[in-house]
Amino acid sequence: ARVRLLDGMFARASYIYIFRHPFAVFQSAANMAEKTYSLTYLDDPTDAQIQEFILAQFELLLDEYLAARERVRDRLLEIRYEAFEADPFAGVCSIYAHFGWPMPMRDELRAHCAQLRASYAKNDFRELTPGLKALIYRRWRRAFDVFGYEP
């Protein structure tokens, strides 16, 4: 969401935007809210307030990103999170190839990616209810459409 600011500071910067299924984005944000936001509260918000914050924050960030993305289109690579997660080494290689960067230490990077994948433990999120899925889809439909996800 800070593309305009960053582009003003670093006019020749390259940008990598990794996008994810909106349901997974919501689950991750809810998980983070549950585990860390309480450290910043002066008063405990309701679940509905936290849910609205997550929904509104994503809408704001998505709108800001989409408004700025054309400004840097020739210096931007958008990557589907699920593809990157499935093969991080291929994902990193695609970044270097897209921007025409030389890729040093290719074999070391391949080994490092394999080591990280072997030790990585994915977060376990609560299942979304059908009603919450419908709400997320209604509020975040633009993200589903722009990035090609089905509800």
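Calculation notes
- Residues numbered from 1 in each chain as written.
- Predicted model: local features only at pLDDT ≥ 70, side-chain atom pairs only at ≥ 80, totals over all residues.
- Heavy atoms only, no water.
- Helix = DSSP H or I, 4+ residues; strand = E, 2+ residues; numbered from the N terminus.
- Buried < 20%, exposed > 50% of the residue type's maximum accessible area, 1.4 Å probe, protein only.
- Contact = heavy atoms within 4.5 Å.
- Areas by Shrake-Rupley, 256 points an atom, 1.4 Å probe, with all protein chains shown as cover.
- Lys, Arg positive; Asp, Glu negative; His and termini not counted.
- Charge placed at Lys NZ, Arg CZ, Asp CG, Glu CD.
- Core = buried A, V, L, I, M, F, W, Y, C linked by side-chain atoms within 4.5 Å.
- Patch = residues over 30% accessible without salt bridge, like charges linked within 9 Å, V, L, I, M, F, W, Y side chains within 5 Å.
- Salt bridge = Lys/Arg side-chain N within 4 Å of Asp/Glu carboxyl O.
- Phe/Tyr/Trp six-rings, centres within 6.5 Å; stacked < 30°, edge-to-face > 60°.
- Lys NZ or Arg CZ within 6 Å of the ring centre and 35° of its normal.
- Disulfide = S-S within 2.5 Å.

**Student:** An account of the overall build of the protein chain is requested, with residue identities and associated values reported.
**Tutor:** Broken down by element type, the protein chain carries 7 helices and 2 strands. Taken from N to C terminus, the helices and strands of the protein chain fall in the order α-β-α-α-β-α-α-α-α. Expressed along its principal axes, the backbone C-alpha trace of the protein chain runs to roughly 50 × 40 × 35 Å. Per-residue burial for the protein chain yields a buried fraction of 31% across its 151 residues. Long-range pairs, those at least 24 residues apart, make up 73% of the contacts in the protein chain between residues at least 6 apart in sequence. Carbon together with sulfur atoms contributes 56% to the accessible area of the protein chain, which is approximately 10200 Å² in total. Side-chain charges of the protein chain comprise 20 positive and 21 negative groups, with the mean position of each set lying 4 Å from the other.

**Student:** Outline the side chain of Asn31, listing residues and values.
**Tutor:** In this fold, Asn31 is placed in helix H2 (residues 22-36). Among the residues examined, Asn31 registers a relative accessible area of 15% and is labelled buried.

**Student:** Give me the nonpolar core: which residues, what numbers.
**Tutor:** The biggest cluster of nonpolar side chains holds 27 residues, and the ones touching the most others in it are Phe26, Ile54, Ile136, Trp140 and Phe147. Mapped onto this core, the elements with two or more residues apiece are strand E1 (15-19), H2, helix H3 (47-69) and helix H7 (130-147). Here this core gets 8 residues from one element, more than from any other, and that element is H3. Residues Phe89, Cys93, Met103 and Cys113 belong to the second largest nonpolar core, which totals 5 residues.

**Student:** Describe a nonpolar patch on the surface, naming the residues involved and giving the relevant values.
**Tutor:** A contiguous nonpolar surface patch, about 400 Å² in accessible area, is contributed by Leu5, Leu6, Met9 and Phe10. Take Leu5: it is sitting in helix H1 (residues 3-9).

**Student:** How would you sum up the packing of aromatic side chains? Please name residues and give values.
**Tutor:** Evaluation of the coordinates by the stated rule reveals 10 aromatic pairs. A centroid spacing of 4.0 Å and a plane angle of 35° characterise the contact between Phe58 and Trp140, whose relative ring orientation is tilted. Of this pair, Phe58 sits in helix H3 while Trp140 is found in helix H7, placing the two residues 82 residues apart along the sequence. Since its relative accessible area comes to 16%, Phe58 is described here as buried. For Trp140, a relative accessible area of 1% corresponds to the buried category. The ring of Tyr81 carries Arg20 above its face, with NZ or CZ at 4.4 Å from the centroid.

**Student:** How would you sum up the state of the cysteines? Please name residues and give values.
**Tutor:** Inspection of every chain in the model, using the stated rule, returns 0 disulfides. Of the cysteine sulfurs around Cys93, a residue in no disulfide, the closest is that of Cys113, at 7.9 Å. Residue Cys93 is classed as buried on the basis of its relative accessible area of 13%. Residue classification places Cys113 among the buried residues on the basis of a relative accessible area of 9%.

By themselves, these figures tell us nothing about what the structure is for.
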